[in-house]
Amino acid sequence: MKFGSRLCTLNVGGRRFSLPAELMKRLPLSRLSRLHGCGSERELLELCDDYDRERNEFFFDRHSEAFSFIMLYVQHGKLRFLPHMCELSFYNEMLYWGLESSDLQPCCQRRLDDRLSDCFVHFFPEEERRGLEQRRSRWLEVLRRTFEEPASSLLAQVLASVSVLFVAISIGMLCASTLPDWKAAGSLDQHRTIEAVCIGWFTAECLVRFLVSQDKCEFVRRPLNIIDLLAILPYYVSVTVTMMTGENSQLQRAGVMLRVLRMMRIFWVIKLARHFLGLQTLGLTLRRCYREMVMLLVFICVAMAIFSALAQLLEHGLDLEAGNQDYASIPAACWWVVISMTTVGYGDMYPVTVAGRILGGLCVVSGIVLLALPITFIYHSFVQCYHELQVRSTRCNHRLSEELAN
């Protein structure tokens, strides 16, 4: 074929785009990059609609404006929907050129998920991987999805169920180990054996997921993987300390740090977020609404500073000898402000003066108002995240049902 260093012309819907052959080979569009692997015009015509050998021009009967937007994504790294074009039509153009929904900006991804859900249309771009992957890469991708995506296949669901079972057993043994008569029951050795088996499963699972991950650095930075590491390491640290210092050493008997490390295994509960849609929705909502959460904390801190200073002044500052000793300092009054603004009101401390009670009423009312202001944004984001994850889960379940049917 006539590639070399010549310019290649892409005729998309009557609009020409001239690109160097070497640049076209490196574009993140699998259909164009695969052209360089063609050895005959017959193979070329499987990827394009027509080819002019003399002018080295490739013809594609596709939407020209959509392709121009895709080329803007290639240049600037941001892909958004074409204005005045159906989301499903543009998404179909993306799939043709070798892009996926993950290449879209987050706002456009949500629009696409809403559109797919409303129209009951399901595309499966994940099944058409970019490029012609080698057998080893495809095998690693299948293995990665088996461990990372519980709904991707029947085997993935079985492994996820086993992982959830081990999490439940580990948390149950952790809770039982705090019972007063646990050691007297003579089952300490059994507890250690079960604990070792659970930690062994978690360690093997984490190592396999790390080995098959595409980006090792990104794998280490993920919050759920960090939690897995924090839950696994305390066990090995405690076992190492036990082997080095002995079972009944002074360090073991007074080892507050070791007890803290063992208690960190409670983080395995967060591991359930991989398998339950509700926990995933909560995490995604907190990540997207961190600005609203910070704004809520700022509101509370400002109100806490104002009301705690006034409460300390009205309840104790005006009469140092006969004043309410629960409000002897502003930090002590901050506790009363927090439990009042959140409408909990434990009753462990309360104002006794008329001015203090009026201030307490204002504190409660302002707490309701301040807490309600950002809640609307957080609620809408939660509903949106839940709907988005539900659509993804429906896609995976649909694909799984097709695999079982085949």
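Provided above is the structure to which this section pertains.
Predicted model, so just to flag it, every value in this text is computed and none were measured. (Residues numbered from 1 in each chain as written. Predicted model: local features only at pLDDT ≥ 70, side-chain atom pairs only at ≥ 80, totals over all residues. Heavy atoms only, no water.)

**Q** I keep staring at the overall build of the chain and nothing clicks. Help me out?
**A** A tally of regular secondary structure across the chain gives 18 helices and four strands. Within the span of the chain, comprising 406 residues, buried residues form 39% of the whole. Within the chain, contacts between residues at least 6 apart in sequence are counted, and of these 64% link residues at least 24 apart. As displayed, the chain has an accessible area near 23,500 Å², and 62% of this comes from carbon and sulfur atoms. (Helix = DSSP H or I, 4+ residues; strand = E, 2+ residues; numbered from the N terminus. Buried < 20%, exposed > 50% of the residue type's maximum accessible area, 1.4 Å probe, protein only. Contact = heavy atoms within 4.5 Å. Areas by Shrake-Rupley, 256 points an atom, 1.4 Å probe, with all protein chains shown as cover.)

**Q** Help me out: how do you make sense of the pairing of strand β2 (residues 15–20) in this one?
**A** Moving residue by residue along a regular strand, the side chains alternate between the two faces of the sheet. Direction of pairing for strand β1 (residues 7–12) relative to β2: antiparallel, over a ladder of six bridges. Along β2, the bridge assignment pairs Thr9 with Ser18. If you look at the hairpin formed by β1 and β2, you'll find two residues sitting between the two strands, and Gly13 has a positive phi there, around 60°. (Pairing = 2+ DSSP bridges.)

**Q** Is there a simple way to think about the side chain of Gln105 in this case?
**A** For Gln105, the position within the fold is in the loop between α5 (87–97) and α6 (106–119). With a relative accessible area of 18%, Gln105 lands in the buried category. In contact with Gln105, not counting residues within four places along its chain, are Gly77, Lys78, Leu79 and Arg80.

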